[in-house]
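Observations on the three-dimensional arrangement
Spelled out, the chains give:
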Amino acid sequence: MEPILDVLIIGAGVSGIGMASRLAMECPDKRIALIERRQRIGGTWDLFRYPGIRSDSDMYTFGYQFRPWSSYKTLADGKAIREYVSDTAQQYGLHDKIHFGLKTQSAEWSSADQCWTLTTLNEATGETETFRTRFLVAATGYYNYDQGYRPQFPDEERFQGQIIHPQHWPEDLDYAGKKVVIIGSGATAITLVPSMAKTAAHVTMLQRSPTYIMSIPAWDKISEVLSRVLPDSVNYRLARRRNLFVWRSMYKASKRFPAATRRLILSQARKRLGAQYKEENFSPSYNPWDQRLCAAPDGDFFDAIRSGKADVVTDTISAFTENGIRLSSGKELEADIIITATGLQVQMLGGMQMVVDGKPQDLSQKMLYRGALIEDVPNMAWVIGYVNLSWTMKADLTSEYVCRLLKHMDQRNAVVATPVDHAHCRSSESILSALEAGYVQRADHTLPRQGTRAPWQVLHHYEQDKVTMLQEGIDDGILQFEKQRATPAQIPVEKAA
């Protein structure tokens, strides 16, 4: 039998490495390990390799609170983010604690043993490996790594060119001098258009409905100037607070004054595009932040359209043809390559089965406690980021909260912590029901539920979460603790690899 770990983290992407680094800093006595399905650190940023892939949040809020981002580029590319995450793991001595190439199949909690047993599959060898841990952290993201959302279109088989989903981008794809049609209008499409337009003959973004697109500075000139007089750590903290204020203010304004915010965003698009601006292509039917806004560094998306190298078409698909796509309006878009940037397929906990004392757990019937722990599930945290701010801002708070909780348990000589809903406050709404994005609405029935009161509400509100997770007391009568039971056959404790 493997030795029992103190904390096992599933996932070595941004969230998993952030959690492990925080544990290394604040709980250095804990024996930890990470399980990663891929062969490298990076998670999402190792999987996606399409042209121009970049963050859709500024790097001063997307970077870790405890490790400054060293570049002044506002939206970093995928390679830079992978290196940042890997360098963070190196700095905190995590590389030797990561078990690569293992897909987590199930996690089973035993109240008798007061620990989790994880069954994993080594996808290279087909062998099964097990791990035992007192506390489990799921840092698996929220989508299916095997496949994205890919609707089937009429007569696809007729098309003579290539059809590609961005989640499975061919490394050797040559699109120079070719006509490209990108189906979709989300962050991926907004990124692909200006990147591919540089060498493609022409790029068309085909959308059913428009998205809000904001031009933001590609370079943080304020931080660059301040770096001449301030230490890097101080400059980073200031930039993080400044950008947090800007994004939160924008979100609050969107909710409080949606019409004014809408006019502001559309006026920016109108100004950038000039004669190329068409109301039907850039005027969404919903209010700002009902779906996530898309960012275009220095307006690169608008520049590609204005140059004539790219355009936007708002219509629906009637059928694929031998040479492209026939639209419902009767128009045909010629294409050598069609890219289905149609979104993600939401998946909870990386698809693993969660079992407590022999009973399978349905996450869609659970609430999240303080946005981090799962109702009635002992010793388990789930890292889920913000939809209206950088993902990492919430991941950082969750890692700090987990460290607080583990220290509190040690002080109480407790080994188990379980959040229990005594007030029966579960509602029918999911934790993301306020977001109208297609990928969320399709998966709403699989998501955890909202509570009608704190601490069972997931509000996507950084200021409130900071108080709830980092300042309020751990003991609140909802979190139930257990001391260690008389151990039957004690498994020897050894240092984890």
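What you see is a predicted model; the values in this text were computed from it and never measured.

**What to know about the overall build of the chain**
- Of regular secondary structure, the chain possesses 13 helices and 25 strands.
- Here the chain has a C-alpha radius of gyration of 24 Å; the compact-globule value for 497 residues is 23 Å, and the two agree.
- Overall, the C-alpha framework of the chain stretches about 75 × 55 × 45 Å when taken along its three principal axes.
- By residue count, 56% of the 497 residues in the chain fall in the buried class.
- Looking at the chain as shown, the accessible area adds up to about 21400 Å², and 49% of this sits on carbon and sulfur atoms.
- Looking at charge distribution, the chain has the averaged site of its 58 positive side-chain charges lying 5 Å from that of its 57 negative ones.

**Some remarks on unusual backbone geometry**
- Of note, the amide linkage connecting Ala454 to Pro455 takes the cis form, showing an omega dihedral of 0°.
- We note that Asp357 has phi near 50°; this positive angle belongs to a residue other than glycine.
- Structurally, the position occupied by Asp357 is in the loop between strand S17 (353-356) and strand S18 (359-360).
- Accessibility expressed as a relative area gives 43% for Asp357, which makes it partly exposed.
- The backbone of Asn413 shows a phi angle near 55°, a positive value even though the residue is not glycine.
- Mapped onto the elements, Asn413 comes out in the loop between helix H11 (391-411) and strand S22 (414-419).
- You can call Asn413 exposed: its relative accessible area is 56%.

**Overview of the pairing of strand S14 (residues 324-327)**
- Bridge analysis of strand S13 (residues 317-321) against S14 gives four bridges, and the strand direction is antiparallel. Bridge pairing in S14 links Thr321 to Gly324.
- The antiparallel hairpin formed by S13 and S14 contains two residues in its connecting segment.

**Considerations on empty space enclosed by the protein**
- Inspection of every chain in the model, using the stated rule, returns four cavities of 30 Å³ or more.
- Along its surface, the largest cavity is lined by 13 residues, and Asp56, Ser57, Trp247, Trp289 and Arg292 are the ones closest to its centre.
- Along the lines of polarity and charge, the residues of the lining of the largest cavity split into seven nonpolar, four polar and two charged.

**A short note on the packing of aromatic side chains**
- The full count for this structure, using the stated rule, is 22 aromatic pairs.
- Ring geometry for Tyr142 against Tyr143: centres 5.8 Å apart, planes inclined by 85°, an arrangement best described as edge-to-face.
- Between Phe153 and Phe320, the aromatic rings sit 5.5 Å apart at their centres with planes inclined by 15°, giving stacked as the arrangement. Of this pair, Phe153 sits in the loop between strand S6 (128-138) and strand S7 (162-164) while Phe320 sits in strand S13; the two residues are 167 residues apart in sequence, bridging distant segments of the chain.
- Accessibility expressed as a relative area gives 16% for Phe153, which makes it buried.
- The lysine or arginine in question, Arg442, covers the ring of Tyr149, its NZ or CZ lying 3.3 Å from the ring centre.

**Overview of the side chain of Ser21**
- Positionally, Ser21 belongs in helix H1 (residues 14-26).
- Residues within four places of Ser21 in sequence aside, it is in contact with Phe66, Thr88, Tyr92 and Leu94.

**Regarding the sheet that holds strand S8 (residues 179-183)**
- Strands sit in the order S7-S16-S8-S9-S12 across an open sheet of five strands; the sheet is parallel. Where the open sheet ends on each side, the last strands, each with one partner, are S7 and strand S12 (310-314). Recorded for the sheet is a direction-independent mean angle of 20° between the axes of neighbouring strands.
- Sheet analysis places S8 next to strand S9 (residues 202-207), joined by five bridges and oriented parallel. Across the sheet, the residue bridging to Ile183 is Leu206, located in S9.
- Sheet contacts for helix H5 (residues 187-197): S8, S9, S12 and strand S16 (337-340); angle to S9, the most-contacted strand, approximately 165°.

**Thoughts on the confidence of the model for the chain**
- Put simply, the chain has an average pLDDT of 93, and 97% of its residues get 70 or more.
- Under a pLDDT of 50 for its full length, residues 488-497 has, in the predicted model, 19 contacts with residues more than four places off or in other chains.

**Focus on the packing of H1 against helix H4 (residues 78-91)**
- Two elements in contact, H1 and H4, have axes separated by 10 Å at closest approach and are oriented at 20°. Here H4 runs roughly parallel to H1, going by the angle between their axes. Once H1 is placed against H4, the crossing between them reads as left-handed. The residues of H4 that touch H1, namely those facing Val14, Ile17 and Ser21, are Val85, Thr88 and Ala89.
- Partitioned by chemical class, the residues of the contact of H1 with H4 number four nonpolar, two polar and no charged.

**Focus: H11**
- In this model H11 runs 31 Å from its N-terminal to its C-terminal C-alpha over 21 residues, within 8% of the 30 Å that 1.5 Å per residue would give.
- Judged by how many residues are buried, H11 sits mostly within the fold: 17 of 21 residues are covered.
- Once H11 finishes, Asn413 follows within two positions and takes phi at roughly 55°, a positive value.

**Thoughts on the nonpolar core**
- Core analysis: the biggest nonpolar cluster contains 149 residues, and Ile17, Trp116, Ile182, Phe301, Met380, Trp382 and Leu405 have the highest contact counts within it.
- Per element, the largest residue contribution to this core is ten residues, and it comes from H11.
- Membership of the second largest hydrophobic core comes to 13 residues, among which are Phe159, Ile183, Leu206 and Ile317.

**Thoughts on the packing of helix H7 (residues 232-256) against helix H8 (residues 258-273)**
- Packing of H7 against H8 leaves a shortest axis separation of 5 Å and a crossing angle of 120°. With respect to their mutual orientation, H7 and H8 come out oblique. Taken together, the residues of H8 that come into contact with H7 (itself represented by Met250, Ala253, Ser254, Lys255 and Arg256) are Pro258, Thr261 and Ile265.
- Across the contact of H7 with H8, the residue classes tally to four nonpolar, two polar and two charged.

**Side note on the pattern of salt bridges**
- Under the definition given, this model contains 31 salt bridges.
- Across the pair Asp56 and Arg292 runs a salt bridge, and its minimum N-O distance is 3.1 Å. A residue pair is termed long-range when its members are at least 10 positions apart, and Asp56 in the loop between helix H2 (44-47) and helix H3 (59-62) and Arg292 in the loop between helix H9 (279-282) and strand S11 (294-297) qualify at 236 residues.
- With a shortest N-O distance of 3.5 Å, Glu482 and Arg485 are connected by a salt bridge.
- A relative accessible area of 40% means that Arg485 is categorised as partly exposed.
- Put simply, Arg22, Glu26, Glu400 and Lys407 are held in one network by salt bridges that share partners.

What counts and how
- Residues numbered from 1 in each chain as written.
- Predicted model: local features only at pLDDT ≥ 70, side-chain atom pairs only at ≥ 80, totals over all residues.
- Heavy atoms only, no water.
- Helix = DSSP H or I, 4+ residues; strand = E, 2+ residues; numbered from the N terminus.
- Rg over C-alpha atoms; globule rule 2.2 N^0.38 Å.
- Buried < 20%, exposed > 50% of the residue type's maximum accessible area, 1.4 Å probe, protein only.
- Areas by Shrake-Rupley, 256 points an atom, 1.4 Å probe, with all protein chains shown as cover.
- Lys, Arg positive; Asp, Glu negative; His and termini not counted.
- Charge placed at Lys NZ, Arg CZ, Asp CG, Glu CD.
- Pairing = 2+ DSSP bridges.
- 1 Å grid on protein atoms, 1.4 Å probe; cavity = no way out; pocket = protein on both sides within 12 Å on 5 of 7 lines; lining within 4 Å.
- Points joined across faces, edges and corners; volume = space filled by probe spheres on them.
- Nonpolar A, V, L, I, M, F, W, Y, C, P; charged D, E, K, R; others polar.
- Phe/Tyr/Trp six-rings, centres within 6.5 Å; stacked < 30°, edge-to-face > 60°.
- Lys NZ or Arg CZ within 6 Å of the ring centre and 35° of its normal.
- Contact = heavy atoms within 4.5 Å.
- Axes fitted to C-alpha atoms, helices over the stretch in contact; angles between N-to-C directions.
- pLDDT = per-residue confidence, 0-100.
- Parallel < 35°, antiparallel > 145°, perpendicular 65-115°, else oblique.
- Left-handed = near helix turned anticlockwise from the far one by under 90°.
- Expected span 1.5 Å × (residues − 1).
- Core = buried A, V, L, I, M, F, W, Y, C linked by side-chain atoms within 4.5 Å.
- Salt bridge = Lys/Arg side-chain N within 4 Å of Asp/Glu carboxyl O.

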